[in-house]
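Chain residues, written in single-letter form:
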Amino acid sequence: MVPVPQTRPKTPPVLRRAPVQQRSAERLARILDACAVLLDETGYEQLSTRAVAARAGVPIGSVYRFFGNKRAMVAALAHRNLDQYAERISTRFAATPVLDAYGAIDGVLDEFIAMKRTVPGFALVDFGVPGGASGETAEDSEAGADEAGEDADGSAGHPNDLVAERLCSLLAVHLGRAADEALRRKVLVGVETADALVRLAFRTDPDGDPALVDETRQLLYAYLAPSLS
């Protein structure tokens, strides 16, 4: 397998405290798993840290050990989604005997579509907290306010910027080309375009309208393939 440099830390910066022991890491994973399932069931606005704790089978204090409020918790889920997305793409690329630009584009798009269809919570929260979300319930505000001066989700930029950064590194390594400013710009435009069109595909059809997905693929082929070859 081709080694891929990590462009972001594995531990999300939104965590109040990083897990040290295996048991603590497993508890954090259960909390994020419960958060993802509840997002599908209730949506973001009705999500609460208390409901997540109950679904995960952990004390509410365990949630606040890691997160200041539900927005930080959802942001951590988004970071985990991005890590999983990058791992899926890297594994797919490494298993492809001869990877060309079109195969790379297929991998990036197909894995995104697959996660939209199968990963709990991903349809609502892929790589960032839902836009315009208010962030906290009354109980969250009382139980765990953020540190003064910090962003509520600990983010370092727009989610699509983070996705483009990760994809640029993966594409450069697996296609054997430099991750220069020209490639970064092309990949960012491709990410923004694909994000909008995939949202349209899933708004048209809950499983992702196949015709719109194909239009997205053809557009990415035409725009990105010459820069990746």
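Above: the structure in question.
It should be emphasised that the depicted structure is a prediction, and the values quoted were computed from it without experimental measurement.

A grouping of Arg17, Arg23, Arg27, Arg30 and Arg65 is seen on the molecular surface, where their side chains present a positively charged patch. In terms of residues, the positive patch owes the most to one element, helix H1 (residues 22–42), which gives 3 residues. With respect to the helices and strands, the residue Arg23 is situated in helix H1. Since its relative accessible area comes to 63%, Arg23 is described here as exposed.

For the coordinates displayed, the defined rule picks out 7 aromatic pairs. Between Tyr102 and Tyr221 the ring centres are 5.0 Å apart and the planes differ by 80°, which places this aromatic pair in the edge-to-face class. With a gap of 119 residues between them, Tyr102 in helix H5 (residues 101–118) and Tyr221 in helix H9 (residues 210–228) connect regions that are remote in the sequence. Here Tyr102 falls in the partly exposed class, since its relative accessible area comes to 42%. On the basis of an interplanar angle of 75° and a centroid distance of 5.9 Å, the ring pair of Phe112 and Phe122 is categorised as edge-to-face. With Phe112 in helix H5 and Phe122 in the loop between H5 and helix H6 (138–143), the pair connects residues that are 10 residues apart, well separated along the chain. Judged by its relative accessible area of 8%, Phe112 falls in the buried class. Assessed through its relative accessible area of 0%, Phe122 is described here as buried. Aromatic ring contacts, followed pair by pair, group Tyr85, Phe112, Phe122 and Phe127 into a single cluster. Taking NZ or CZ as reference, Lys70 lies 4.5 Å from the ring centre of Tyr44, over its face.

We now examine the side chain of Asn81. Here Asn81 lies in helix H4 (residues 70–94). Separated by 2.8 Å, the side chain of Asn81 and the backbone oxygen of Asp126 make a polar contact. Residue contacts for Asn81: discarding those within four places in its chain leaves Met115, Val119, Phe122, Val125, Asp126 and Phe127.

The rules behind these values
Residues numbered from 1 in each chain as written. Predicted model: local features only at pLDDT ≥ 70, side-chain atom pairs only at ≥ 80, totals over all residues. Heavy atoms only, no water. Patch = residues over 30% accessible without salt bridge, like charges linked within 9 Å, V, L, I, M, F, W, Y side chains within 5 Å. Areas by Shrake-Rupley, 256 points an atom, 1.4 Å probe, with all protein chains shown as cover. Salt bridge = Lys/Arg side-chain N within 4 Å of Asp/Glu carboxyl O. Lys, Arg positive; Asp, Glu negative; His and termini not counted. Charge placed at Lys NZ, Arg CZ, Asp CG, Glu CD. Helix = DSSP H or I, 4+ residues; strand = E, 2+ residues; numbered from the N terminus. Buried < 20%, exposed > 50% of the residue type's maximum accessible area, 1.4 Å probe, protein only. Phe/Tyr/Trp six-rings, centres within 6.5 Å; stacked < 30°, edge-to-face > 60°. Lys NZ or Arg CZ within 6 Å of the ring centre and 35° of its normal. Polar contact = N/O pair within 3.5 Å; in protein donor to acceptor, adjacent residues only side chain to side chain. Contact = heavy atoms within 4.5 Å.

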